[in-house]
Amino acid sequence: REGYWGPTTSTLDWCEENYAVTWYIAEFWNTVSNLIMIIPPIFGAIQSVRDGLEKRYIASYLALTVVGMGSWCFHMTLKYEMQLLDELPMIYSCCIFVYCMFECFKMKNSVNYHLLFILVLFSLIVTTVYLKVKEPIFHQVMYGMLVFTLVLRSIYIVTWVYPWLRGLGYTSLGIFLMGFLLWNIDNIFCDSLRNFRKKVPPIIGVATQFHAWWHILTGLGSYLHILFSLYTRTLYLKYRPKVKFLFGIWPVILFEPLRKH
């Protein structure tokens, strides 16, 4: 089915039926579900600037927003250039997350040039190879390696350093893994899901758009991971971090510097 953006040129086309909701958006639910990755991190970045946090955390929030915007453009158009705008920032944002996690226990405003060099080099190699081979599985494996690194580091922190952060750390990880599970179900059982959607009321069909759920759950999981990283860092810097819920539902971190007597 063709729409406003013309023929599909991306190397991936997901399970949501193309242009089924509107002529202007190829995959409607896969597109709008990215709002969770765009709006909350913008507020997180603004709050980080106000609180005078290190630039790496502002970069983390903004990187998540860029991933959400790239994913929005990709699913709206199904164009190859927009696919790159989605997939490559996933690598770059994860590299920023890795840097933050491995620099949690350093002096304030310190810079680890060796780790920066390794992560920038990794990003450049992945980008160059992916532009040459155009193989989505290569991208997924590289992304998976970065996520696995984050998982190991998080487990180390909640096991050996700050055990009381287990709740936040494992919630972030659990939500992300739930999204990954639904992503796989969407890929493997696509034909069955499409047949099911034809037989049920539209509202039930929408609930089975599991790639959209992948966006929602990984967006929330990534946001919680930034909170976890930030909580770990501010604890080390002797602040008093607290997780509060805006409107009773959305988690944010508030803290105050430890007063010197």
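Criteria and cut-off values
- Numbers given for residues are sequential positions, taken from 1 along each chain in its written order.
- Confidence filtering applies because this is a predicted model: local features only for residues at pLDDT of at least 70, side-chain atom pairs given and counted only at 80 or more, and all residues used for totals across whole chains, interfaces and linings.
- Excluded from the side-chain calculation are hydrogens and water; included are all heavy atoms of the structure.
- UniProt positions are given in the numbering used here, feature names are shortened, and annotations may be inferred rather than shown by experiment.
- In this analysis, the protein atoms alone were mapped onto a 1 Å grid. Cavities are point sets where a 1.4 Å probe fits without being able to get out; pockets are open sets with protein on both sides within 12 Å along at least five of seven lines; lining residues have an atom within 4 Å of a point.
- Every helix listed is a DSSP run of H or I at least four residues long, and every strand listed is a run of E at least two residues long, numbered separately from the N terminus.
- Each residue gets one of three labels from its accessible area relative to the maximum for its type: buried under 20%, exposed over 50%, partly exposed in between, using a 1.4 Å probe on protein chains only.
- One fewer than the residue count of a helix, multiplied by 1.5 Å, yields its expected span.
- Pairs of residues are marked as contacts when any of their non-hydrogen atoms sit within 4.5 Å.
- Grid points are joined across faces, edges and corners, and a volume is the space filled by probe spheres set on the points.
- Gly is placed with the polar residues, together with every amino acid not listed as nonpolar (Ala, Val, Leu, Ile, Met, Phe, Trp, Tyr, Cys and Pro) or charged (Asp, Glu, Lys and Arg).
- Disulfides are defined in this document as cysteine sulfur pairs within 2.5 Å.

**Q** What is the right way to look at the UniProt feature "binding site: Zn(2+)" (unreviewed entry) in the protein chain in this model?
**A** Here, the residues flagged by UniProt with the feature "binding site: Zn(2+)" (unreviewed entry) are H75, H211 and H215. These annotated residues cover 141 residues of sequence, but their C-alpha atoms sit close together, with the largest distance between any two at 11.3 Å. Checking the annotated residues one by one, the ones that line the largest pocket turn out to be H75, H211 and H215. When you line up the elements, H75 lands in helix α3 (residues 55–77). Accessibility expressed as a relative area gives 0% for H75, which makes it buried.

**Q** What am I meant to see in the environment of F148 here?
**A** Structurally, F148 is set in helix α6 (residues 136–161). For F148, a relative accessible area of 52% gives the class exposed. F148 sits 95 residues away from V243 along the chain, and the two C-alpha atoms are 25 Å apart.

**Q** What should I look at first to understand helix α2 (residues 35–50) in this one?
**A** Side chains three or four residues apart in an α-helix point the same way, a direct result of the helix having 3.6 residues per turn. Here α2 is 16 residues long and its end C-alpha atoms lie 23 Å apart, about the 22 Å a rise of 1.5 Å per residue gives. For α2, every residue scored as buried is listed here: I36, M37, I38, P40, P41, G44, A45 and S48. Looking at the buried positions of α2, the neighbouring elements they touch are α3, α10 (210–236) and β2 (250–254).

**Q** Any chance you could explain α10 here in plain terms?
**A** In a regular helix each residue adds 1.5 Å, so 27 residues correspond to 39 Å; α10 covers 38 Å between its end C-alpha atoms and thus fits that length. Within α10, 22 of the 27 residues are buried, which leaves the element mostly enclosed by the surrounding structure. Where α10 ends, the next residue or the one after it, K238, has phi of about 65°, a positive value.

**Q** Where do I start with the layout of surface pockets in this structure?
**A** Gaps left between atoms are located by rolling a probe of water-molecule size over the structure's atoms. Put simply, the largest pocket is a space of about 810 Å³. Lining of the largest pocket is provided by 41 residues; of these, Y143, V147, F176, W214 and T218 occupy positions nearest its centre. When residues of the lining of the largest pocket are traced back to their parent elements, those giving at least two are α3, α4 (80–102), α6, α7 (166–188) and α10. Among the elements that make up the lining of the largest pocket, the one with the highest residue count is α6 (eleven residues). Among the residues forming the lining of the largest pocket, the class breakdown is 24 nonpolar, 15 polar and two charged. Counted as a void, the second largest pocket has a volume near 330 Å³. In this structure, the second largest pocket is lined by 20 residues; those nearest its centre are F43, G44, Q47, L246 and V252.

**Q** Is there a simple way to explain the UniProt feature "transmembrane region" (unreviewed entry) in the protein chain in this structure?
**A** The UniProt record annotates "transmembrane region" (unreviewed entry) at residues 28–46, 58–78, 90–106, 113–131, 137–156, 168–185 and 212–232. Between the end C-alpha atoms of residues 58–78 the distance is 30 Å, and the span holds 95% helix and 0% strand.

**Q** For this particular structure, what's the right way to read the state of the cysteines?
**A** Covalent bonding between the sulfur atoms of two cysteines is what defines a disulfide. For the structure shown, the criterion picks out one disulfide. Each disulfide pairs two cysteine sulfurs, and for C15 the partner residue is C190, the sulfurs being separated by 2.2 Å. Disulfide C15 to C190: torsion about the S-S bond roughly 100°, handedness right-handed. Of this pair, C15 sits in the segment before α1 (28–32) while C190 is found in helix α8 (residues 190–199), placing the two residues 175 residues apart along the sequence. For C15, a relative accessible area of 3% translates into the label buried. Between C95, a cysteine without a disulfide, and C94, which holds the nearest cysteine sulfur, the sulfur-to-sulfur distance is 7.3 Å. The buried category is assigned to C95, whose relative accessible area is 6%. C104 supplies the cysteine sulfur nearest to C100, a cysteine that is in no disulfide, at a spacing of 7.3 Å.

**Q** Help me out: how do you make sense of unusual backbone geometry in this one?
**A** One can expect most non-glycine residues to show negative phi and most peptide bonds to be in trans. Even without being a glycine, L78 presents a positive backbone phi close to 55°. When you line up the elements, L78 lands in the loop between α3 and α4. L78 sits in the buried class, given a relative accessible area of 1%. Despite not being glycine, N109 has its phi angle at roughly 60°, a positive value. According to the relative accessible area criterion, N109 is exposed, its value standing at 56%.

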